[in-house]
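# Report on the structure
Residues per chain, in single letters:
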Amino acid sequence: MKRILGLVCASALCVLMVGCAAGGNGTVALPDTHDAQTVLTDTVGSSVLPEKKTVFESAAPQAAAPAAEGAETSSSPSVNDDYISPLVTLRADPYLYKHEGRYYFTGSYPEYDRIELTTADSVNGIAAAVPKEIWHMDASFGQKYVWAPELHYVMGQWVIYFAYSQTGLWDIRCCALRCTGDDPMHDEWEYMGVMKKAVGDSFSFSSGMSLDMTVFENNGKWYAIWAQKPSASNLYLAELADPFTLATEPILLTQPEYSWEMVRERVNEGPAVLKHAGKIFVSFSAAATGFEYCMGLLEIDACDDPMVIENWTKYPEPVFQTDESLKIYGPGHNCFVEGDNGEPLCILHFRDYKDITGDSLLDFNRHAHVMKITFDKDGTPQFRIDPEDLYNSQFTDHNK
Ligand code: AHR
């Protein structure tokens, strides 16, 4: 794993896949519409990948790159440039997915016992839409651990990945639901159980908790990234054979090593994938889930093999963290999605106060917010929220 020296001040965007032809020709392969989640529109300035960065100056934020000609944009005009903040209250680990112009939202329900989906034709529409419960854990189990659901369209089917346990905290595993039809809001969902490992793999989803799975496609292959706690909570990466089965043994992608990753707990979790100008970025969350929670970042050239750890670079500093001046406490567990205008958005959670009494996981005031993202001059991700984009609405009471 390479390291990027110097302070990182960054934001990130998914973009169209960039042709990985040797020497690069700047040809941009339009994504399959199902991949809109990890592929947003952008004009690739050059197919020649930038030199590996060593020092990052924080540049003045640039406007989000214009949509590449002909790239997928939302079906309806932008509702407005100001996104409601918070977008959804009391939904930690928010996940917003865009598919053929329509948005689908989910996140950790405060009781940790069910999965809801909300749909709308605009980002702000999610704030007012009524959620629909699409799955409920077996109530006969005393423990309630249904965490961080994510909706994906994988290899031609709708899948929800989530963490679940029927017996207790240490039995939490990466599990999946499969939609029996093409309409995630109206067709039935089938519980597929714990993710299956590849032949010869005795580690994945076995020793210790596993949680926070996300998936992404690159150069025709699908990959899964998840957190697993043999001791600390580390991130692992493996190729997928099908939406519910690993094709390879995993590699250790990142583990807590810097002080900011080990405050109260040694944690890397909540991975989210972005693509920009021929690179793949993986954001992740670190430390315990109080105000110390913050976001880190990894990167790789999209032409390189993700299963070779030497191809990855880890940023030495958090890319987003508590900002008391903005009343942003414990930001993290984000995802990335194309906004109403095709612009890049980061959906993340944070609280608006610092001090928590009791178990932070039982403090349900981690609300879902929208962050507009831009790039540094060398196309490096940059995470920041402008004050005027914050707390601009009465909290809409979403079911609780
Ligand atoms: O919010 C529940 C769990 O808490 C999430 O799965 C994880 O990212 C966090 O630690």
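Everything in this summary refers to the structure shown in the same document. (Residues numbered from 1 in each chain as written. Predicted model: local features only at pLDDT ≥ 70, side-chain atom pairs only at ≥ 80, totals over all residues. Heavy atoms only, no water.)

## Quick word on the sheet that holds strand E9 (residues 157-165)
- Strand order in the open sheet formed by four strands is E8-E9-E10-E11, with antiparallel pairing between adjacent strands. Edge positions in the open sheet fall to strand E8 (145-154) and strand E11 (189-194), since each of these has one partner strand only. Across this sheet, the average inter-strand angle for adjacent strands is 25°, counted without regard to direction.
- Of the strand pairs in this sheet, E9 and strand E10 (residues 173-179) are connected by six bridges, and their pairing is antiparallel. Along E10, the bridge assignment pairs Phe162 with Cys175. (Pairing = 2+ DSSP bridges. Helix = DSSP H or I, 4+ residues; strand = E, 2+ residues; numbered from the N terminus. Axes fitted to C-alpha atoms, helices over the stretch in contact; angles between N-to-C directions.)

## Details of the sheet that holds strand E4 (residues 92-99)
- Across the sheet, which stays open at both edges, the four strands sit in the order E4-E5-E6-E7 with antiparallel pairing between neighbours. Lying at the two open borders of the sheet, with one neighbouring strand each, are E4 and strand E7 (132-136). Mean inter-strand twist for the sheet, computed between neighbouring axes without regard to direction, equals 25°.
- As judged from the six bridges shared by E4 and strand E5 (residues 102-108), these two strands associate in the antiparallel manner. When the bridges of E5 are listed, Leu96 appears paired with Phe105.

## A look at the site of the ligand
- Around the ligand, a shell composed of Asp93, Ser108, Trp147, Ala148, Leu211, Asp212, Glu269, Thr289, Tyr293, His333, Leu361 and Arg366 is seen.
- One of the side-chain N or O atoms of Asp212 is found 2.6 Å from an oxygen atom in the ligand.
- With the chains in place, 96% of the 280 Å² that the ligand exposes on its own is no longer accessible.
- Of all the secondary-structure elements, those providing two or more residues to the shell around the ligand are E8 and strand E12 (210-218).
- Of the residues in the shell around the ligand, the class split is five nonpolar, three polar and four charged. (Near = heavy atom within 4 Å. Polar contact = N/O pair within 3.5 Å; in protein donor to acceptor, adjacent residues only side chain to side chain. Areas by Shrake-Rupley, 256 points an atom, 1.4 Å probe, with all protein chains shown as cover. Nonpolar A, V, L, I, M, F, W, Y, C, P; charged D, E, K, R; others polar.)

## Structural notes on the packing of aromatic side chains
- Scanning the entire structure with this criterion turns up 21 aromatic pairs.
- The interplanar angle of 25° and the centroid separation of 6.3 Å between the aromatic rings of Tyr95 and Tyr97 together place this pair among those described as stacked. Take Tyr95 and Tyr97: they sit in the same class, and that class is buried.
- Three or more aromatic residues link up through ring pairs in this structure, and these residues are Tyr95, Tyr97, Tyr104, Tyr153 and Trp158.
- Cation over ring: Lys327 sits above Tyr391, and NZ or CZ is 5.7 Å from the ring centre.
- Residue placement shows Lys354 over the ring face of Phe291; its charged tip is 4.6 Å from the ring centre. (Phe/Tyr/Trp six-rings, centres within 6.5 Å; stacked < 30°, edge-to-face > 60°. Buried < 20%, exposed > 50% of the residue type's maximum accessible area, 1.4 Å probe, protein only. Lys NZ or Arg CZ within 6 Å of the ring centre and 35° of its normal.)

## Some thoughts on the pattern of salt bridges
- Per the stated rule, a full pass over the model turns up 16 salt bridges.
- Its salt-bridge partner being Glu217, residue Lys275 comes within 3.9 Å of it at the nearest N-O pair. Taken as a pair, Lys275 in strand E17 (residues 268-276) and Glu217 in strand E12 lie far apart in primary sequence, 58 residues in all.
- Judged by its relative accessible area of 3%, Lys275 falls in the buried class.
- Look at the salt bridges and you will find they share partners, linking Asp82, Lys372 and Asp389 into a network. (Salt bridge = Lys/Arg side-chain N within 4 Å of Asp/Glu carboxyl O.)

## Let's talk about the pairing of E4
- Burial runs high along E4: eight of the eight residues are buried.
- Where E4 hands over to E5, the hairpin turn is made up of two residues, of which Glu100 adopts a positive phi near 50°.

## Here's the deal with unusual backbone geometry
- A cis amide bond links Ser85 with the next residue in sequence, Pro86, at an omega value of -10°.
- Here Pro86 shows up in the loop between strand E3 (28-29) and E4.
- A positive phi angle is found at Lys327, which is not glycine, with a value near 60°.
- Position of Lys327 relative to the elements: it lies in the loop between strand E20 (313-314) and strand E21 (329-338).
- According to the relative accessible area criterion, Lys327 is partly exposed, its value standing at 44%.
- In this structure, His333 takes a positive phi of about 45° despite not being glycine.

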